[in-house]
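Analysis of the macromolecular model
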Amino acid sequence: MPPGSSEALPRDTVGPGAAAINGRRFVTLALWTWHTLVTVLYPSTPWALCPCRHNLTDTLFTWSSYTAVALAVIIIAAPIRLLAFRQLGENFTFRLAKPKALVTTGLYAHVRHPSYPTNWLVWVANLGLLLRLDGVLGCVMPSVLVRWGMRSGLWPALLLGLALMSLISIWVRVQDEEAMLKGVFGKEWEEYHVKTPRFIPWVF
């Protein structure tokens, strides 16, 4: 969706600004760099890289079903999201703006919003690998806090809450986007909307 003047932009309740996007990219890249270095050197990770190495759980830094599933989700979902961006071409931006055309080919022939579920899957996989207290965050946190947060279930519950909040924000964003598309394309959108599932082919 091509950018336009702020006056021409449609309602975008949860659309991220440039600063938020860049900030999230920086934090994610920094955490992945840290996590990768710890993993490569594990279990002999130097103190300078991970002062509280005893807080780490083997599951996150060795091959396990947990890490295999999380990495598989990212490896599969991220390229699909990028392909969805590419197929939108000049119609794509992070904030809503009126598109020049209604894209109904490629991934968009099967679902109306292919980038949102894949983005959520990548987000959840990142939460599960990078933001656990017994992951790289544990390298710089007091042991008592790590043990309490994980054993009490409070931290896993917080991560689950973040995943659910992300789902809610996606739903709100989709409502704004579809209202905009209906207003711009009218009958063309209605026909596409009726025959094409929102997120999951042949299901929903």
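This structure is a prediction, so every number in the text was calculated from the model and none was measured. (Residues numbered from 1 in each chain as written. Predicted model: local features only at pLDDT ≥ 70, side-chain atom pairs only at ≥ 80, totals over all residues. Heavy atoms only, no water.)

**Let's talk about the nonpolar core**
With 20 residues, the main nonpolar core has Trp-34, Val-38, Leu-56 and Phe-61 as its most contacted residues. Those residues in contact with Trp-34, other than ones at most four positions away along the chain, are Leu-49, Val-136, Cys-139 and Val-140. Leu-88, Leu-96, Leu-102 and Tyr-192 belong to the second-largest nonpolar core, a separate cluster that totals eleven residues. (Core = buried A, V, L, I, M, F, W, Y, C linked by side-chain atoms within 4.5 Å. Buried < 20%, exposed > 50% of the residue type's maximum accessible area, 1.4 Å probe, protein only. Contact = heavy atoms within 4.5 Å.)

**A few points about the UniProt feature "transmembrane region" (unreviewed entry) in the chain**
Residues annotated by UniProt as "transmembrane region" (unreviewed entry) correspond here to residues 63-85, 120-148 and 154-172. Between the C-alpha atoms that bound residues 63-85 there is a distance of 31 Å. The span itself is 91% helix and 0% strand. Annotation note: span residues 120-148, helix share 59%, strand share 0%, distance between end C-alpha atoms 28 Å. (UniProt positions renumbered as here; feature names shortened; annotations may be inferred. Helix = DSSP H or I, 4+ residues; strand = E, 2+ residues; numbered from the N terminus.)

**Looking at the packing of aromatic side chains**
With the rule as written, the count across this model stands at three aromatic pairs. Arranged with centres 5.8 Å apart and planes meeting at 55 degrees, the rings of Trp-189 and Tyr-192 form a pair that is tilted. Linking Trp-189 with Tyr-192, this pair stays in helix H7 (residues 187-195), spanning three residues, or about one helical turn. Accessibility classification places Trp-189 together with Tyr-192 in one group, the buried group. (Phe/Tyr/Trp six-rings, centres within 6.5 Å; stacked < 30°, edge-to-face > 60°.)

**What to know about the state of the cysteines**
Tallied over the full model, the rule gives one disulfide. Linked covalently through their sulfurs, Cys-50 and Cys-139 form a disulfide whose S-S length is 2.0 Å. What sets the handedness of the Cys-50 and Cys-139 disulfide is the S-S torsion sign, and at about -90 degrees it is left-handed. Here Cys-50, found in the loop between helix H1 (18-41) and helix H2 (58-61), pairs with Cys-139, found in the loop between helix H4 (115-130) and helix H5 (143-151); they are 89 residues apart in sequence, far enough to count as distant. (Disulfide = S-S within 2.5 Å.)

**Structural notes on the packing of H4 against helix H6 (residues 154-185)**
The N-to-C vectors of H4 and H6 enclose an angle of 165 degrees; their axes lie 10 Å apart at closest approach. In terms of orientation, H4 lies roughly antiparallel with respect to H6. Considering only the axes of H4 and H6, their crossing is right-handed. Counting all contacts with H4, which are made through Tyr-116, Trp-120, Trp-123, Val-124 and Leu-127, the residues of H6 involved are Leu-159, Leu-162, Ala-163, Ser-166, Leu-167, Ile-170, Arg-173, Val-174 and Glu-177. (Axes fitted to C-alpha atoms, helices over the stretch in contact; angles between N-to-C directions. Parallel < 35°, antiparallel > 145°, perpendicular 65-115°, else oblique. Left-handed = near helix turned anticlockwise from the far one by under 90°.)

**Considerations on the confidence of the model for the chain**
Taken over all residues, the pLDDT of the chain has a mean of 90, while the share at 70 or more is 94%. Mean pLDDT per element in the chain: H1 is the minimum at 90, and helix H3 (residues 65-88) is the maximum at 96. Segment residues 1-7 is flagged for pLDDT under 50; beyond a separation of four residues in sequence, or across chains, it makes 19 contacts in the model. (pLDDT = per-residue confidence, 0-100.)

**Remarks on a nonpolar patch on the surface**
A contiguous nonpolar surface patch, about 630 Å² in accessible area, is contributed by Trp-171, Ile-200, Trp-202, Val-203 and Phe-204. When you line up the elements, Trp-171 lands in helix H6. (Patch = residues over 30% accessible without salt bridge, like charges linked within 9 Å, V, L, I, M, F, W, Y side chains within 5 Å. Areas by Shrake-Rupley, 256 points an atom, 1.4 Å probe, with all protein chains shown as cover. Salt bridge = Lys/Arg side-chain N within 4 Å of Asp/Glu carboxyl O.)

**Digging into the packing of H5 against H6**
With their axes 4 Å apart at the nearest point, H5 and H6 run at an angle of 65 degrees to one another. In contact with Trp-148, Gly-149 and Met-150 of H5, H6 contributes Leu-154, Trp-155 and Pro-156. Its residues assigned to classes, the contact of H5 with H6 shows five nonpolar, one polar and no charged. (Nonpolar A, V, L, I, M, F, W, Y, C, P; charged D, E, K, R; others polar.)

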